[in-house]
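Close look at the chain arrangement
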Amino acid sequence: MRAEIEALAADIRKSVALLKRHLNWDAALMRLDELNAQAEDPNLWNDGDKAQKLMRERTQLETQITGCRKLEGDMDDMLGLIELAEAEGDNDVAADAEAQLRGLKDLAGKLELETLLSGEADANDCYLEINSGAGGTEAQDWAEMLLRMYSRWAEKKGYKLEFVEESAGEGAGIKSATIRVVGHNAYGWLKTEAGVHRLVRISPFDSNARRQTSFASAWVYPVVDDTIDIQINESDCRIDTYRASGAGGQHINKTDSAVRITHIPTNIAVACQTERSQHQNRARAWDMLRARLYEAELQKREAAAQALEDTKTDIGWGHQIRSYVLQPYQMIKDLRTNVETSDTQAVLDGDLDMFMAASLASRIKGSDEATN
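Residues numbered from 1 in each chain as written. Predicted model: local features only at pLDDT ≥ 70, side-chain atom pairs only at ≥ 80, totals over all residues. Heavy atoms only, no water.

This is how it is decided: UniProt positions are given in the numbering used here, feature names are shortened, and annotations may be inferred rather than shown by experiment.
Under an unreviewed UniProt entry, the name given to the chain is Peptide chain release factor 2, and the source organism is Magnetospirillum sulfuroxidans. Taken verbatim from the UniProt record of the chain, the Function (unreviewed entry) comment is "Peptide chain release factor 2 directs the termination of translation in response to the peptide chain termination codons UGA and UAA." Annotation of the chain in UniProt includes, under Sequence similarities (unreviewed entry), the sentence "Belongs to the prokaryotic/mitochondrial release factor family."

Here you go:
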């Protein structure tokens, strides 16, 4: 068999070995057996929260184990097919199998990259907060475009989206919005997107069709589960209620059900208006505040990141992580990793993995270099 094919197989085996080591393979198999047995307990759903956590862990572990086994099995199948095709002189079958083997190598690389998502909260769900910068309608429209971009990305990942809060723009777009992204490694992936995003385009709101530069920010913080203890002194918080905004009709809120909580020592504020009652919005807002304070603590531990409120004071030049240029040429470039593409529409439709992967890899590399 050709050396090139052997090299492909060696790369796949290396990735599989890394995946198994990351999973602690033997322990993972035993844990899956335990979870399967617990899932069959008829009393499991007497505690809904506990049951959901168990089923979620089971699904994640089963997916990872199945992925490793399938990767190995598919590789062996393709190697066997190539060997048989070459022995029979069937070049078309050999070429097709080799192409599939290359695809397996790419898949193995992606799975290997996910093993880098081993931070304290990387596996958690997260909140994604979008804010428009200065510039009125232009920036507000750009903020809505970003929200759509991340929503499309999340849908492609199979993540669930939950609307938390939205402040409509003046005429178009949004001033701000917060969504909860539910899915394994949601925070691990999206944390790479935190920062200011710059758009250059011909303004659709300018009758003279002039080129405009707009800014909007994306801020990401993990959902804090019961395993993470965050203490908040209620006397340090200010709680405001207000009438939730909406499009009107029979579901419009007629009471002050929306809740905003401000943590005075840090000036971190969260708001929730998605639930029908003030009590439910208050509970969700407290959860969000715990998540924000936890994220702030994570950033303190990571010396590479600036303090959250310092970076959020200026949504503009000097803080941007990515430029989206739609005029006079088509180019999106990440300013941290120099990854770029001219397929701007695909990115705005949610194809963000190339940027996220490069940013994640650079973070890990930077961490390793700092350690060494």
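Picking up where we left off.
Structural notes on the sheet that holds strand β6 (residues 237-242)
Which entries qualify depends on this criterion: Strands are treated as partners if at least two bridges between them are detected by DSSP. Every helix listed is a DSSP run of H or I at least four residues long, and every strand listed is a run of E at least two residues long, numbered separately from the N terminus. Note on geometry: axes are C-alpha line fits, over the in-contact stretch for helices, and angles between N-to-C directions span 0 to 180 degrees.
Pairing is antiparallel in the open sheet, where 3 strands are placed in the order β6-β7-β8. A strand with exactly one partner marks an edge of an open sheet, and here the two such strands are β6 and β8 (268-272). Going from strand to strand, the sheet's axes swing by 15° on average, the running direction of each strand aside. Across 6 bridges, the pairing between β6 and strand β7 (residues 258-263) is antiparallel. Pairing of Arg238 across the sheet is with Thr262, part of β7.

Some details on the packing of helix α1 (residues 3-23) against helix α4 (residues 91-114)
Put simply, the test is: Roughly parallel means an angle under 35 degrees; roughly antiparallel means over 145; roughly perpendicular covers 65 to 115; every other angle is labelled oblique. Whether a crossing is left-handed or right-handed is set by the direction in which the near helix is turned from the far one by less than a right angle, anticlockwise for left-handed and clockwise for right-handed. Contact between two residues is taken to exist if any of their heavy atoms lie within 4.5 Å; hydrogens are not considered. The nonpolar class holds Ala, Val, Leu, Ile, Met, Phe, Trp, Tyr, Cys and Pro. Asp, Glu, Lys and Arg form the charged class, and all remaining residues, Gly among them, are polar.
Taken N-terminus to C-terminus, the directions of α1 and α4 make an angle of 30°; their axes are 9 Å apart at the nearest point. Compared by their axis directions, α1 and α4 come out roughly parallel. Between α1 and α4 lies a crossing of left-handed hand. From α1, Glu4, Ile5, Leu8, Asp11, Ile12, Ser15, Leu18 and Leu19 reach across to α4, where they touch Glu98, Leu101, Arg102, Leu104, Lys105, Ala108, Gly109, Leu111 and Glu112. Across the contact of α1 with α4, the residue classes tally to 9 nonpolar, 2 polar and 6 charged.

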